[in-house]
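These are the residues of each chain, in order.
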Amino acid sequence: MTTRSPLFARPPVWRPVRPGQSHHIPPGAESWLFEQGSLTLRLRALCGEKFRVRLLRQNWAQPYADEARALGLPQLRRVVVREVLLQCGDRPLVAARSVIPADTLRGAGHALARLGTRPLGEILFRDPRLERTHLELTALEPRLWRRELAASLNLTGKIRGRRSCYRIGPGCLLVAEFFLPALFALEQNP
Ligand SMILES: C=C(O[C@@H]1C=C(C(=O)O)C=C[C@H]1O)C(=O)O
């Protein structure tokens, strides 16, 4: 069974980051796209007590073809797909989609299976074995989002996103994060 993504109408297209290559990144987005530490921590610092994870889905489903490729899995292999909005109170600041293979859940990542509204970053960044690889970027056109979501978040321009593989011990997972206009507005006017 493939469950419809609550975020995307079509899969984002990713481009690897290559040294010396220009990605035409707006100045406000750069520090978020290249953030090395936990986004959860950075968003908490910005938003304080009102930071929360709104869970849109976490279930077994087929990954997108390019996600399966990035994880080295056959496309029909089911994975856990988690999609969330990271919010300050009612305001979504970041949309995120994580793809977790069964082997990762069985190994070091078993805590990931029952995350609920606990931020994924809390578990990942606590693990001393954590390694991040394969940074890729995207600039999503409004039509790639689900129409209802694009309307409710007023997504009229391109939304910048990043994706990387997080490795914890033998298992890895793919995390994609999209930085919404409300994030930059909050930074300008905390
Ligand atoms: C990867 C991190 O975790 C964040 C929390 C997520 C979640 O709870 O699903 C998803 C992606 C991240 O933005 C992080 O803090 O950097």
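To be clear, the structure that these remarks concern was listed above.
If you're wondering where the values come from, they're calculated on a predicted model, not measured in any experiment.

Undergrad: Describe the side chain of Arg 57, and please don't skip the residues or the numbers.
TA: Locating Arg 57 in the fold gives a position in strand E2 (residues 51–61). Sequence-distant contacts of Arg 57, that is, excluding residues within four places in its chain, are made with Thr 3, Arg 4, Ser 5, Pro 6, Val 81, Arg 82, Glu 83 and Arg 97.

Undergrad: Would you mind going over the pairing of strand E4 (residues 91–101) in detail, with residue names and values included?
TA: Regular strands place side chains that alternate from one sheet face to the opposite one. Here E4 lies mainly inside the structure; 10 of its 11 residues are buried. Two elements, strand E3 (residues 79–88) and E4, share 10 bridges in a ladder whose sense is antiparallel. Note on E4: the bridge partner recorded for Val 79 is Pro 101. A loop of 2 residues connects E3 with E4, the two strands running antiparallel in sequence, and Gly 89 in this loop sits at a positive phi of about 60°.

Undergrad: Let's hear about empty space enclosed by the protein: which residues, and what values?
TA: Within the structure shown, the criterion is met by 2 cavities of 30 Å³ or more. Residue lining of the largest cavity: 19 residues in total, with Thr 40, Leu 120, Gly 121, Val 175 and Glu 177 positioned closest to the centre. At the level of elements, helix H2 (39–47), E3, E4, helix H5 (120–124), strand E6 (159–168) and strand E7 (171–179) are the ones that each hand at least two residues to the lining of the largest cavity. Space inside the second largest cavity adds up to approximately 70 Å³. Along the wall of the second largest cavity there are 14 residues; nearest its centre are Trp 14, Glu 67, Arg 97, Arg 163 and Ala 176. Within the residue set of the lining of the second largest cavity, elements represented by two or more residues are helix H3 (65–71), E4 and E7. The element best represented in the lining of the second largest cavity is E7, accounting for 4 residues. For the lining of the second largest cavity, a count of residues per class yields 10 nonpolar, no polar and 4 charged.

Calculation criteria
- Residues numbered from 1 in each chain as written.
- Predicted model: local features only at pLDDT ≥ 70, side-chain atom pairs only at ≥ 80, totals over all residues.
- Heavy atoms only, no water.
- Helix = DSSP H or I, 4+ residues; strand = E, 2+ residues; numbered from the N terminus.
- Contact = heavy atoms within 4.5 Å.
- Buried < 20%, exposed > 50% of the residue type's maximum accessible area, 1.4 Å probe, protein only.
- Pairing = 2+ DSSP bridges.
- 1 Å grid on protein atoms, 1.4 Å probe; cavity = no way out; pocket = protein on both sides within 12 Å on 5 of 7 lines; lining within 4 Å.
- Points joined across faces, edges and corners; volume = space filled by probe spheres on them.
- Nonpolar A, V, L, I, M, F, W, Y, C, P; charged D, E, K, R; others polar.

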